[in-house]
Amino acid sequence: MTTEALDVCAYLERAADALDLSEDVREVLMHPTRSVSASITVRMGDGSLKTFPGWRTIYSNALGPAKGGIRFHPTVDEHEVNTLAFLMTFKNALAGLPFGGGKGGVAVNPRMLSRHELERLARGYVRALKHDLGTGRDIPAPDVNTNGTVLAWMADELAALEGTAHTASITGKPIVLGGIPGRAEATGRGAAKVTMALKDHLGLADGASIAIQGFGNAGVQYAHDMHEAGYKIVGLSDSSGSVYSADGFDPSEAEAFKAEHRGLKGFADEAPGNDLRRAEADILVPAALGGWIDGDSAETVEAGVVVEVSNQACTVGGGDRLEERGIHVVPDILANSGGVSVSYLEWVQNRSGEEMTKEQVFDNLDRRMERVARQVASRAADDGVGLRAAAYRIAAARLAEAIESMGTRRLFNE
């Protein structure tokens, strides 16, 4: 992430001013509750030792135990983890979930590790942070370059350290180990439901065209769901390049091509400038890493709507410039909250012992995403502001009420 991308507290400051929040509440929400760094030493396959820096941040636990993913990526650092934990705090508050916000990361390229080395790293991360993780404290989940297998190793390590079999301490696990059906589809499906629920607010016509940057798990699911709903997928991209066709294409065919050729390059004509920001589409969907639209690149966006499926796809300056240009931005804390919404269902399932079917999960997810989207659209219309401002006002009000209701002893050690 760029330095510009770290200034997300501007969203809080704007919401706090609009809501006239007290200085006490502002002070609490401007800083993470707890941020821990660790050095994780792994025995490599050749017998040598290698140390990887890792972090975990609880930004707020005012609404409940912290909740947020763990990402393994070479560029992860403490600032990025703090920023993402901030976003999770407001995402969970907006969705009405009983969670605070947390995030974790390890600076590593997992593709350079063997399966055994990756497992040692995952377990080492848990051992380093064992005092912070747990069902009622901080509940990790998958994120960039982590999946059900990695989270299963983490859950097993935490259970061994705690001497318990608590499956609710970590979500995103394989179904056989207490995971929940539908978790893999949740982020993309949730974003699609939000987009469709906001159709009138965004001024979208039937069959609106969509360009998706990042044809990974969330992007693929989003493409399938929107295509099935009658929208036209005209642009796709992955690490191999960007493809575009004004006539649109079937995402199933794109997915099959990518699986065979290990990338989208060659599936269709290259997008203009190999950059989907410049492509003609009604909806632009950033679904890869954050910071893709900054203050400069916002000038090149052709779409009338941007749906942030990736966390902080727009920097603060980038998002502001889009709105100045009259481009609607569906913020990440709304658009990609499907993942944590289903993680919540997994947490509930693990605590209750009552299993849910995929149909039940999707019904719950769809209703939540549509309800929250309507709330945000209504607030935006009432206040005469964009969707991001409306979303942060709703979330900040809930956080403020929780902070003020619990008194001062636990928060301020008084």
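On a predicted model such as this, the values are computed, not experimentally measured, just so you know.

Asker: Before we move on, could you go through the environment of I212 and cite the residues and values that matter?
Answerer: Inspection of the secondary structure assignment puts I212 in strand 6 (residues 209-213). Spatially, the C-alpha atom of I212 lies 23 Å from that of T75, the residues being 137 residues apart in sequence. In this view, I212 contacts G219, Y222, A223, I233, G235, L236, S237, L276, V285 and A287; residues no more than four positions away in its chain are not counted.

Asker: Before we move on, could you go through the packing of helix 13 (residues 358-383) against helix 14 (residues 387-405) and cite the residues and values that matter?
Answerer: For the pair helix 13 and helix 14, interaxial distance at closest approach is 8 Å and the crossing angle is 105°. If you check the angle between helix 13 and helix 14, you find them roughly perpendicular. Contacts between helix 13 and helix 14 involve Q375, V376, A377, R379, A380 and D383 on the former and, on the latter, L387, A390, A391, R393, I394 and R398. Across the contact of helix 13 with helix 14, the residue classes tally to 7 nonpolar, 1 polar and 4 charged.

Asker: Provide a residue-level description of the sheet that holds strand 5 (residues 138-142), including the pertinent values.
Answerer: In space, the 5 strands of this open sheet follow the order 1-2-4-3-5, with mixed pairing throughout. For this open sheet the edge positions go to strand 1 (34-43) and strand 5, each flanked by a neighbour on one side alone. Averaged over all pairs of adjacent strands, the angle between their axes in this sheet comes to 20°, without regard to strand direction. Contacts from helix 3 (residues 78-95) reach strand 1, strand 2 (49-60), strand 3 (66-72) and strand 4 (100-106), with the element oriented near 150° to strand 4.

Asker: Pulling in residues and values, what's your account of unusual backbone geometry?
Answerer: The backbone of D20 sits at a positive phi, close to 55°, despite the residue not being glycine. One can find D20 in the loop between helix 1 (9-19) and helix 2 (23-29). The phi angle at Q312 is positive, at roughly 45°, despite the residue not being glycine. Along the chain, Q312 turns up in the loop between strand 10 (305-307) and helix 10 (316-324).

Asker: A description of a negative patch on the surface should follow, citing residues and the corresponding values.
Answerer: Judged by side-chain charge, D24, E27, E401 and E404 come together as a negatively charged surface patch. The set of elements that each furnish at least two residues to the negative patch consists of helix 2 and helix 14. Among the structural elements, E27 can be located in helix 2.

Asker: Let's hear about the sheet that holds strand 11 (residues 328-330): which residues, and what values?
Answerer: On the basis of which strands lie adjacent, the open sheet formed by 6 strands has the order 8-7-6-9-10-11 and mixed pairing. Only two strands of the sheet have a single partner each, and these edge strands are strand 8 (241-244) and strand 11. Averaged over all adjacent pairs, the angle separating strand axes in this sheet is 15°, with direction ignored. Of the pairings in the sheet, the one linking strand 6 to strand 9 (residues 283-286) comprises 4 bridges and is parallel in character. Note on strand 9: the bridge partner recorded for I212 is V285.

Asker: Lay out the packing of helix 12 (residues 338-352) against helix 13 in plain terms, naming residues and giving numbers.
Answerer: At a minimum axis separation of 10 Å, helix 12 and helix 13 run at an interaxial angle of 130°. Between helix 12 and helix 13, the angle falls in the class oblique. Between helix 12 and helix 13 the crossing geometry is right-handed. Seen from helix 12, the contacting residues are G338, S341, V342, Y344 and L345; seen from helix 13, they are V361, N364, L365, R368 and M369. Residues of the contact of helix 12 with helix 13, tallied by class, amount to 6 nonpolar, 3 polar and 1 charged.

Criteria and thresholds
- Residues numbered from 1 in each chain as written.
- Predicted model: local features only at pLDDT ≥ 70, side-chain atom pairs only at ≥ 80, totals over all residues.
- Heavy atoms only, no water.
- Helix = DSSP H or I, 4+ residues; strand = E, 2+ residues; numbered from the N terminus.
- Contact = heavy atoms within 4.5 Å.
- Axes fitted to C-alpha atoms, helices over the stretch in contact; angles between N-to-C directions.
- Parallel < 35°, antiparallel > 145°, perpendicular 65-115°, else oblique.
- Nonpolar A, V, L, I, M, F, W, Y, C, P; charged D, E, K, R; others polar.
- Pairing = 2+ DSSP bridges.
- Patch = residues over 30% accessible without salt bridge, like charges linked within 9 Å, V, L, I, M, F, W, Y side chains within 5 Å.
- Areas by Shrake-Rupley, 256 points an atom, 1.4 Å probe, with all protein chains shown as cover.
- Salt bridge = Lys/Arg side-chain N within 4 Å of Asp/Glu carboxyl O.
- Lys, Arg positive; Asp, Glu negative; His and termini not counted.
- Charge placed at Lys NZ, Arg CZ, Asp CG, Glu CD.
- Left-handed = near helix turned anticlockwise from the far one by under 90°.

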